[in-house]
Amino acid sequence: GSPATTIPHGGESGPILPTKLQGQDYYVEAAFENEKPYIGQQTNYIFRFYRAIRLLGQPTYDAPDFTGFWTTSQTDQRTYDTQASGRLYRVTELRTILFPTVIGPASIGAATIKVPRGVFQAGMTLRTKPIYLEIQPLPGGAPHLFAGSVGRFSIDANIDVNSGFVGDPIVLTVTISGTGNIENLSDPPWPDMPGWRVFDSTATVNVSVDSGEISGNRIYERVLVPSSAGVSDIPPIVYVYFDPSTDQYSTVSTESISISIGESRDGGNGLNRADKTAIIERLSTDIRHLKPIPERLDKRGDDLTGKTA
């Protein structure tokens, strides 16, 4: 881990001490889970706070600046015990998920934690030194449909009805699922669909963190309106991504979907053209909006949870 400096709590500077001073009551360290990730590949920034004595108050963590990375609001915290320098330490570990956006050398600056004043001890601030990593470019030879998605993904498609009529809306639902930067994935390249009017909607995004890895899905709902009768096929939808676990580009695809379209059922009791247009417009605009992606995660001023007490 990275060494840190200690500064007594208060306005005056004190002596600079090594992080792992023999018998030290507190120290901190920072590291990356992967020091050579590909651009767009998840890597976790790990901050650890070690303490050998009980705290009387809650320490405050000040995260470093994560400029040059996509981050999420998901921060994993865990607490465990370990032996170091002949003492038993309680460790609070914070993992921040990062996705690098720039190729080349990068650094993360100091993270700090303020330890509150105790009955017999002055408060102090522990600070890590910057740590470094090298962001790798993706390999050459990407398929022409590749649009930058990095991770492991699958794709699925289905329609809300098995048959329809000319002029009636059909809802096509396309779901991309997997692990990676779900919130910032590229959209699939939509195939040409002659004979159909197509209305797109913004993707709905669902994400979770499991064992420090982001997973989830992006759900697209497209309103399709057939303009002619007969048996029609909804073409396969192809999605290309780079898989860091295999160092290879992978391609997944939906199945072609056949649907039987009958002649328009407009009649005396049917929907007129204006009614259908209104329904189609409502379906195509009644979307679940994607939550904006935060440019960085910055837990400045937040207390560590009670797990550190």
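Along each chain, residue indices are assigned from 1 in the same order as the chain's sequence is written. In view of the model being predicted, local features appear only for residues whose pLDDT reaches at least 70, and side-chain atom pairs are presented and counted only at 80 or more, with totals across whole chains, interfaces and linings using the full set of residues. With hydrogens and water set aside, each side-chain value is computed from the structure's full complement of heavy atoms.

### What about the pattern of salt bridges?
For salt bridges, the criterion is a side-chain nitrogen of Lys or Arg within 4 Å of an Asp or Glu carboxyl oxygen. According to the stated counting rule, one finds 11 salt bridges in the structure shown. The partner of Arg-78 in a salt bridge is Glu-93, and the shortest N-O contact between them spans 3.6 Å. Residue Arg-78 is found in strand E5 (residues 69–84), and its partner Glu-93 is found in strand E6 (residues 87–100); the two are separated by 15 residues along the sequence. Each residue's exposure class comes from its accessible area (1.4 Å probe, protein chains only) as a fraction of the maximum for that residue type: buried when under 20%, exposed when over 50%, partly exposed otherwise. When its relative accessible area of 31% is taken as the criterion, Arg-78 is described as partly exposed. Overall, the relative accessible area of 3% leaves Glu-93 in the buried class. In this structure, Arg-218 and Asp-187 form a salt bridge, with 3.4 Å as the shortest nitrogen-oxygen distance. Of this pair, Arg-218 sits in strand E16 (residues 213–226) while Asp-187 sits in the loop between strand E13 (170–180) and strand E14 (196–199), and the two are 31 residues apart along the sequence. With a relative accessible area of 5%, Arg-218 lands in the buried category. Owing to a relative accessible area of 44%, Asp-187 belongs among the partly exposed residues under this scheme. Strands are runs of DSSP state E lasting at least 2 residues, helices are runs of H or I lasting at least 4, and numbering of each runs from the N terminus.

### A few points about the packing of aromatic side chains
In this description, a pair of aromatic rings is defined by centroid distance and the angle of the planes. For Phe, Tyr and Trp, rings pair up if their centres lie within 6.5 Å, where Trp contributes its six-membered ring, and each pair is then called stacked (planes under 30 degrees apart), edge-to-face (over 60) or tilted (otherwise). Under the defined criterion, the tally for this structure stands at 13 aromatic pairs. Between Tyr-27 and Tyr-50, the aromatic rings sit 4.2 Å apart at their centres with planes inclined by 15 degrees, giving stacked as the arrangement. With Tyr-27 in strand E2 (residues 26–32) and Tyr-50 in strand E3 (residues 43–51), this pair connects stretches of sequence that are 23 residues apart. Between Phe-153 and Tyr-239, the ring centres sit 6.4 Å apart and the planes meet at 90 degrees, which makes this aromatic pair edge-to-face. Of this pair, Phe-153 sits in strand E11 (residues 151–159) while Tyr-239 sits in strand E18 (residues 238–243), and the two are 86 residues apart along the sequence. For the pair formed by Phe-153 and Tyr-239, the shared burial category is buried. The criterion is that NZ of a Lys, or CZ of an Arg, lies within 6 Å of the ring centre and within 35 degrees of the ring normal, and then a charge sits over that ring. A cation over a ring is seen here: Arg-222 above Trp-190, with NZ or CZ 4.1 Å from the ring centre.

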